[in-house]
Amino acid sequence: MGRPILYNMALLGCAAAALASGSQARAQVAAPTPDENRGEQREAPDTHDIVVTARKQLETVTDVPATINVLSGEDFAARRLGSGLDLNGLVPGFQLYNAVGGAASPTIRGLGSNTAVFSIEASVASFFDGVYAAHPRDLVSPVFDLERVEVIKGTQSTTLGKNTTLGAVSFVSRRPGSDFGFNLTVGHEFKFDGNRVEGGVDIPLSETLHVRLAGIYSNDGRYIRNRVRNTDEPTREVYGGRVVALWEPTDRLKATLVYQHDSYDERGQTVHLITDGTGVGPSVSIRALAAAVGQTDFEIGKGFSYNAYPDRSVYDRQSGDRATLIAEYGLGDYTLTSQTAYVKWKDRRRNDLDFTAASLITFEVDEENELFSQEIRLASPSEKPVSYIVGAYYLWNRWGVDQVIDAEAPWPRTGALNHLYEQTVNSYSGFLQLNASLTEQIKLSAGGRYTEEDKDARFSRTTLRPGSATAIFAPFAERTPSRKENNFDWSLSAQYYLDKRNVIYAGVARGSKSGGFQTLPSNPDLAEFEGEEALTTEIGIKTRPTGTLSFDLALYNTTVKDFQYNINTANGNVIANAKVRTRGFDTSLNWRPFDGFRIEGGVVYADAKILEAFPGAPKGTPVQRAPKWTGNASINYETALSENVDLTINPKIEFSSSQFSQLPSVGAPKRQPYGLVDLVVALGAPDDRWEVALIGKNLTNQKVLLTATTPLLANGPFYGNIQTPTTFALQLTVKH
């Protein structure tokens, strides 16, 4: 269905670039384009305000009428963050947890798609070099050699598009430099014997063609003690390579090609038993099951497990490719941009979820994803009193998952089954963003985006070995449901500039996210769930009283109709559409009181509640995984020890109040309040040619519970992940 369309859209993207190239005799010098990176992070000259491109236009953080937090690529690398799964607490109000099967669950201000239903698309969207990441497993890919990470909060559907009802995270890869150069970072973590190598090289092939090659390799994990196998788990090996080619044959035409291949290989599992059931009535006791299989050594707690995997080993292996071509051409003062993208990855994984020395129940998944997207947009000169961005977007996505559940006695329900699910999405949209400067002090913005989306699914279930489990997950013949949705999303904002450094703003935006079908429903008649509609209002102030101090404060309210709420049960995960709301305030501070000393941080208060009752959740119930308070604070101190050596000391604390892991009625253990302390101490050259850093993470060794999930076909117990314990790494960086 999508192939002819894919071919035509690819031709359209190439034709747009060719048309622009053929028009150069009539065109004038282009205005600056959003793809401005050339190896350095840019700052506005007056206010040291970082330039961002999350809204597909070149603007400073001060000029964005919304809350946006930015982390530089150097800060990202210094914290030894390697993939999207490491991003929890990246900025205040942003959380991301890795549940079973790598089902990453990002939230902003207390709301997000907290689910292990793999077909669901995140309400907090992710973009890699402007390319939409459609599924939770996209975040398993290694994230490296970055220019910056931008986290934009609140509904952002007008220019970003696909499924940004609650916000978005944008990863921007480092672009080639104009001169030959390289950087290399080698690190060793001592406590769990982890290694990491990351680097890149800029190669100017000619005056018009520059290439950057970058790569990463890491092996880590090993922080869960398996007392039966006498090993530390999991062992995790990750590698990735990327090529970025920047071609500027004229001062009007610029083409950027980004291609990345990566691989993820994990043996063992991080999830382990957190609490046990009573063994009375329907509540299952894992301790009793362990005794039934002859296991005498058995305890329950954080950081260790008793899984032996005697028959079916556990693993998680994923490999993927991601490519995008961005062609930009100056048509007089206007900029025409075409972005074509292709993504493909495949994952195979198996989890052992009985947590005993026997293989009583395993969950095996084969998941495959293929995506093509094409966007064409035209931007007018941004310095004019009235400017605009107008464009069209197409997305094709084929995604499928093959699931096998195998349960044997004495697990309370037995049998084996195979559930197949596949869906194809075709999405078309057009958008327009208008910006008007009424005076030097007053700016207005309005935008709209119309989207039509077709989603065709097919799924079936077969029995592999009869038992009580296959009575719950009964077999059925293939079904082919479909959904057709159309939405109009919009945004309005106003800004009042007290001066060029201080601005007050207010905005309101409506966003949507498509519905779909559950991937493992016990009743296939109830597989469908509806799409979300979010409305965000925000007022705030961004102050830059001096070139060394910035402070942002925003008050916000987001209400989501038909929020896709995950309910975790012993019979799988169920999506219920519910009305929810989060409101509160969002702050950030960046202060450099004197040279060599910088204080950064922020605090977010989010009161997230369910507004309309549904079974198990009365009105006013707190939303799961939604702490009221989150924040971080850091100090960066730099001083010269000699003419050739500088000292850097950088402590950081990340904190959160308590939160429910599931609906309170489920009875899952809560995540308790925590404060994680990290510290970086580094010696380096004043010209940044080399640096030796000692990096300590989670210095107080808090074994914070991150997730709590009910095992399949067993009420009572809960398993989950914990925060990585204390680690110490020595890291060497050289640059040229």
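Conventions adopted
Residues numbered from 1 in each chain as written. Predicted model: local features only at pLDDT ≥ 70, side-chain atom pairs only at ≥ 80, totals over all residues. Heavy atoms only, no water. Helix = DSSP H or I, 4+ residues; strand = E, 2+ residues; numbered from the N terminus. Buried < 20%, exposed > 50% of the residue type's maximum accessible area, 1.4 Å probe, protein only. Contact = heavy atoms within 4.5 Å. Areas by Shrake-Rupley, 256 points an atom, 1.4 Å probe, with all protein chains shown as cover. Lys, Arg positive; Asp, Glu negative; His and termini not counted. Charge placed at Lys NZ, Arg CZ, Asp CG, Glu CD. Salt bridge = Lys/Arg side-chain N within 4 Å of Asp/Glu carboxyl O. Pairing = 2+ DSSP bridges. Axes fitted to C-alpha atoms, helices over the stretch in contact; angles between N-to-C directions. Polar contact = N/O pair within 3.5 Å; in protein donor to acceptor, adjacent residues only side chain to side chain. Phe/Tyr/Trp six-rings, centres within 6.5 Å; stacked < 30°, edge-to-face > 60°. Lys NZ or Arg CZ within 6 Å of the ring centre and 35° of its normal.

### Some thoughts on the overall build of the protein chain
Logical step 1: The helix and strand inventory of the protein chain stands at 5 helices and 38 strands.
Logical step 2: Principal-axis analysis of the C-alpha atoms places the extent of the protein chain at approximately 80 × 65 × 50 Å.
Logical step 3: Out of the 736 residues in the protein chain, the part that is buried amounts to 59%.
Logical step 4: The long-range share in the protein chain, meaning contacts at least 24 apart out of those at least 6 apart in sequence, stands at 68%.
Logical step 5: As displayed, the protein chain has an accessible area near 27800 Å², and 57% of this comes from carbon and sulfur atoms.
Logical step 6: Side-chain charges in the protein chain split into 73 positive and 84 negative, and the spacing between the mean points of these groups amounts to 4 Å.

### Concerning the pattern of salt bridges
Logical step 1: Taken as a whole and assessed by the stated rule, the structure comprises 43 salt bridges.
Logical step 2: Notably, a salt bridge pairs R109 with D586, separated by 3.2 Å at the nearest N-O pair. Separated by 477 residues along the polypeptide, R109 in the loop between strand 5 (104–108) and strand 6 (111–112) and D586 in strand 31 (residues 572–594) bring together distant segments of the chain. Each member of the pair, R109 together with D586, is buried.
Logical step 3: When the shortest N-O distance is used, the salt bridge between E370 and R398 registers 2.8 Å. Highlighted residues: E370 in strand 20 (residues 361–379) and R398 in strand 21 (residues 386–407), separated in sequence by 28 residues.
Logical step 4: Of the residues examined, R398 reaches a relative accessible area of 34% and is grouped as partly exposed.
Logical step 5: What emerges from the salt-bridge pattern is a single network uniting R137, D316, D347, R349 and E367.

### Considerations on the sheet that holds strand 7 (residues 124–128)
Logical step 1: Reading across the sheet, the 5 strands line up as 3-9-10-7-8 and stay open at both edges, with mixed pairing between neighbours. Among the strands making up the open sheet, the edge pair consists of strand 3 (68–72) and strand 8 (131–133). The average angle at which neighbouring strand axes cross in this sheet is 20 degrees, direction not considered.
Logical step 2: The sheet contact formed by strand 9 (residues 146–153) and strand 10 (residues 167–173) spans 7 bridges and is antiparallel.

### Details of the side chain of S72
Logical step 1: Considering the arrangement of structural elements, one finds S72 in strand 3.
Logical step 2: Looking at S72, the relative accessible area reads 17%, which means it is buried.
Logical step 3: One polar contact links the side chain of S72 to the main-chain amide nitrogen of D75, over a distance of 3.1 Å.

### Some thoughts on unusual backbone geometry
Logical step 1: P234 follows E233 through a cis peptide bond whose omega is -15 degrees.
Logical step 2: Residue P410 is bonded to the preceding A409 through a cis peptide linkage, with omega at 10 degrees.
Logical step 3: Locating P410 in the fold gives a position in the loop between strand 21 and strand 22 (415–437).
Logical step 4: At D145, a residue that is not glycine, the phi angle is positive and equals roughly 50 degrees.
Logical step 5: Within the secondary structure layout, D145 lies in the loop between strand 8 and strand 9.
Logical step 6: Backbone geometry at D562 places phi at a positive 60 degrees, although glycine is not the residue there.
Logical step 7: Among the secondary structure elements, D562 is positioned in strand 30 (residues 549–569).

### Considerations on the environment of E452
Logical step 1: Its location among the elements puts E452 in strand 23 (residues 442–465).
Logical step 2: It is 26 Å that separates the C-alpha atoms of E452 and E478, two residues lying 26 residues apart in sequence.
Logical step 3: Beyond its immediate stretch of four places on either side in the chain, E452 contacts N426, S427, Y428, K484, E485 and N486.
Logical step 4: Only 3.0 Å separates the side chain of E452 from the side chain of Y450, close enough to count as a polar contact.

### A closer look at the packing of aromatic side chains
Logical step 1: With the rule as written, the count across this model stands at 18 aromatic pairs.
Logical step 2: The rings of W399, Y421, F459 and F476 are connected pair by pair, giving a single aromatic cluster.
Logical step 3: Positioned over the ring face of F304 is R227, at 3.7 Å from the centre of the ring.
Logical step 4: Positioned over the ring face of Y505 is K542, at 5.5 Å from the centre of the ring.

### Section: the environment of T275
Logical step 1: Relative to the helices and strands, T275 is located in strand 16 (residues 272–275).
Logical step 2: In this structure T275 comes out as partly exposed when scored by relative accessible area, which is 27%.
Logical step 3: Spatially, the C-alpha atoms of T275 and G301 are 7.4 Å apart, while their sequence positions differ by 26 residues.

Any functional reading would require information beyond the geometric quantities listed.
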